[in-house]
Every structure is written in structure tokens, then in C-alpha cells.
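Breakdown of the fold
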Amino acid sequence: MSKTAEGMVLVINSGSSSIKYQLVDPDSGMVAASGVVERIGEDEGGIEHSADGSTTERRERIADHAAGLRLIFDTFAATGHDLVREGVRAVGHRVVHGGEVFYRPTLIDDDVVAAISELAALAPLHNPANVAGIESARALLPGVPQVAVFDTAFFHGLPAAAKTYAIDAKVAAAHGIRKYGFHGTSHEYVSGCAADFLGRDPAELNQIVFHLGNGASASAIRGGRPIDTSMGLTPLEGLVMGTRSGDLDPGIVAHLARSAHLDIDAIDTLLNRDSGIKGLSGVNDFRELRRLIDGGDEAARLAYDVYIHRLRRYLGAYLIDLGGVDAITFTGGVGENSPQVRADALAGLGAFGIEVDPAANTAENRAARRISPPGAPVAVLVVPTNEELAIARAARHVVDG
């Protein structure tokens, strides 16, 4: 067996039209190879694969997820890592929705695949794609254990008051309606890293974590366990996101149906794909939004102000829920890379012991770091997330018993 594959975990994140992957050493965190297959099912797709300091690109039509996985394995073999011949320790799959059924990393068999498929009603854009990736990987590596790691698992045990929606209880029970929360793998990983960084036992800490990317979520964590999170039944609830509205009056749905004559699918598309930062400014990339703001674009400025307003609302709510906070941590593409967002989200909160040191906040640094002043009562941190490593470690843990 090749030394580059021995003991490693192949992590697969199969989306509706793409497959992201990494070959990870779960002990050291070293990534032997990584890449993405994009535009599955379109006229022309392709793969970008990075390994050993070089990048391989290939453009061709990719009919479906099975073809995408075969292309990944062919590219591994062509670049010196034949996973079929060499084998890997396990395959870890990101699965978006575990419903009430799955709340820990789970060894995959036929029954598990069937159960994940049945949960597609709760995540119609995600779970079918996750299943397609699982089935293809099982076919290509039939002797290798495969493990599902669920985005919702970390939030499974939310307190009843936090996870319950105030609608007819029988209707909610019949249709699985509750707050599930998402980005759980990231929130769990980052809150653990924050405790390690501070040299504290997670059981001693009250934490707020902001995972800010194109999708965005917040969590309140007491003693290592979440007591609330911003996303709900679906990833639409909560913070303003790149293309998602986040919280809004539910009556807007009925109003759009009656006044704009939009059907439910059109409203769903509007709220998930054409709202948020994009709906307000026309762009959903934060770097482009910043350029528009710097150029005096008023719509972009309003979009940013709405985004920050929502962050601060959740911060305030979680401060009260927790009864005080020891650490506030930013992660995700925006959370890790936008000093302005971090500064504006926490501005004027010195009375609560929350401050940001301008020099530390703007310093070029990709590592986990503290951006609050020395001696500040609340530690404000930036911690890079690594969901792939978390999935690899969870998969290895299940396989090793």
C-alpha cells in the first residue's frame, strides 16, 4: 500500500451539481490531495485536482455523480494515488440532513442509505445528491467502510424550547417540523478548537460561534453543547446570507402568492437563490460587495448594514440565553477574511466586555488567533474551520470502534 494512502480517509462532499473531496490524514491533518468536480449534468463540466504541489485540470461532460466519482478516482490514479488498488482507511461523507434519526457519525449500509433518502423531503436539494455520492463511492470501493457525518447532528439535542416552533403540535410531529440547525460539523470543530486555543475545558465555557460564508449561521454553546442555533428546519432561517433571506415574516410567503401570483416553487427559489446580499445589492461575493460600497453604491451599503444588523441581533439574543459569554469566534470564508465584518459586528460593546483590537483584527494571519485586546473579559477569536478534517476524524473513530 502506498504511504500516501495508508491510514488516510477520503472525504466526499457531494452537492447537487458538484463533488468536493479531500484525501486526509486524520491524525496529522495533512491533506495529500484535494479537488472539486463541477457542473455535473451540464454540457461541459470538469475537475480541478491538487496534489503534491501541482494542479491538474480536465474539462469534459460529466453525466452524473457516478461519472464524477469515476473521474475523481481516475485522476487520483493518473497523479500517483490509485485509491482502488491502494485502498484507504475509510470514506467519510458529508450528509446535510439527519432528521431525528441520525445524530452521530454512522457506518453506512443499505438501510442507512434508504433512511437518508427518505429524509430528502427535509433537504430536497442536498440529501439526494449526498446519496448519489455515497452509492457511487460504495460501488467503486466495495471493501472500504463508509461513514456518514451529518450537518444536523451537533444540534440534535437542542433544548425543547429552542427547537420547537409554535405551530400546531400534531402538524409539526406529522411532518418532522422542528429546528434542526446546520453547519454543525463546523460549529462543533471550531468551538473545540477555541477551547483548545484558550487552554480551557469546553465544559467551563460559554461560547458564541459565527460561521460566516455564502451560507451563514450562529450558535450559542454552553459547556460544549449547543443551546441554540440560527438555522432551522432548513438552512434558510437565521442570518442574512449570500443568496438566502434569513429570518423574515412568514406572512411574506402568502403575500407573494396572492399579490405577485408566485407559486411555491418560485417563492422557494426567490428566498433561497435570489435574496440575501444578492437580492439587495445584485452580488453575493463579499469582496465584490466591498468594492461596490467603496465606490459609493447605496444598495450595497444597505445590504451590508442589514447583514450586520442581523448578526448583532443574534449576538444579543445569545448573550442573554447564555447569561454571559467567555468567547466569541468567527469562522468561514467571510468570518475568517473580513476584518470589517468582525469589527462592525462587535462595535460599541465594551460595556459587555466585548472589544476588538484593531491591529490584531487587521493583521495578516491564517492561523487561529485572538483579536480582542490583552486582558479583555471576553476572548474574541478567529478560528479557521476544517470540516473535512472533522469528518475524517469522525469516520476513522467509527471505523476503529
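In the block above lies the structure referred to throughout.
Being a predicted model, the structure only gives us computed values, none of them experimental. (Residues numbered from 1 in each chain as written. Predicted model: local features only at pLDDT ≥ 70, side-chain atom pairs only at ≥ 80, totals over all residues. Heavy atoms only, no water.)

A few words on the side chain of His 211. Counting through the fold element by element, His 211 comes out in strand E9 (residues 206-212). Given the relative accessible area of 7%, His 211 is considered buried. In this structure the side chain of His 211 is engaged in a polar contact, spanning 2.8 Å, whose partner is the side chain of Ser 186. When near neighbours in sequence (up to four residues on either side) are disregarded, His 211 contacts His 183, Ser 186, His 187, Ala 216, Ser 217, Thr 331, Thr 385 and Glu 387. (Helix = DSSP H or I, 4+ residues; strand = E, 2+ residues; numbered from the N terminus. Buried < 20%, exposed > 50% of the residue type's maximum accessible area, 1.4 Å probe, protein only. Polar contact = N/O pair within 3.5 Å; in protein donor to acceptor, adjacent residues only side chain to side chain. Contact = heavy atoms within 4.5 Å.)

A separate point is the pattern of salt bridges. This model, assessed by the stated rule, comprises 17 salt bridges. In this structure, Asp 151 engages Arg 94 in a salt bridge whose closest nitrogen and oxygen atoms are separated by 2.6 Å. Residue Asp 151 is located in the loop between strand E8 (146-150) and helix H5 (160-163), and its partner Arg 94 is located in strand E6 (residues 90-95); the two are separated by 57 residues in the primary sequence. Accessibility expressed as a relative area gives 1% for Asp 151, which makes it buried. One salt bridge in this structure joins Arg 287 and Asp 285, with 2.8 Å as the shortest N-O distance. (Salt bridge = Lys/Arg side-chain N within 4 Å of Asp/Glu carboxyl O.)

Right, let's get into the sheet that holds strand E14 (residues 379-382). Across the sheet, 6 strands lie side by side as E11-E10-E9-E12-E14-E13; this open sheet has mixed pairing. Unpaired on one side and paired on the other, strand E11 (225-229) and strand E13 (369-370) mark the two borders of the sheet. Where E13 lies against E14, 2 bridges are found, and the strand directions are antiparallel. Looking at the pairing, Arg 369 lines up with Val 382 of E14. Sheet strands touched by helix H7 (residues 184-198): E9, strand E10 (216-222), strand E12 (327-331), E13 and E14. Its angle to E9, the strand with the most contacts, is close to 130°. (Pairing = 2+ DSSP bridges. Axes fitted to C-alpha atoms, helices over the stretch in contact; angles between N-to-C directions.)

On the secondary structure map, Val 24 appears in strand E2 (residues 19-24). Put simply, Val 24 and Arg 138 are 114 residues apart on the chain and 18 Å apart in space, counted from C-alpha to C-alpha. The residues contacting Val 24, other than those within four sequence positions of it, are Met 8, Val 9, Val 11, Gly 29, Met 30, Leu 389 and Ala 392.

Our next topic: the environment of Gly 46. With respect to the helices and strands, the residue Gly 46 is situated in strand E4 (residues 45-51). In this structure Gly 46 comes out as buried when scored by relative accessible area, which is 2%. Sequence spacing of Gly 46 and Ser 18 is 28 residues, and the spatial spacing of their C-alpha atoms is 9.6 Å. Setting aside residues up to four positions removed in sequence, Gly 46 forms contacts with Val 36, Val 37, Glu 38, Arg 58, Arg 59, Glu 60 and Ile 62.

Here the focus is the pairing of strand E5 (residues 54-60). Of the pairings in the sheet, the one linking E4 to E5 comprises 7 bridges and is antiparallel in character. Residue pairing for E5: Ile 47 is matched across the bridge by Arg 58. The loop that links E4 with its antiparallel partner E5 comprises 2 residues; one of these, Asp 52, has a positive phi angle of about 55°.

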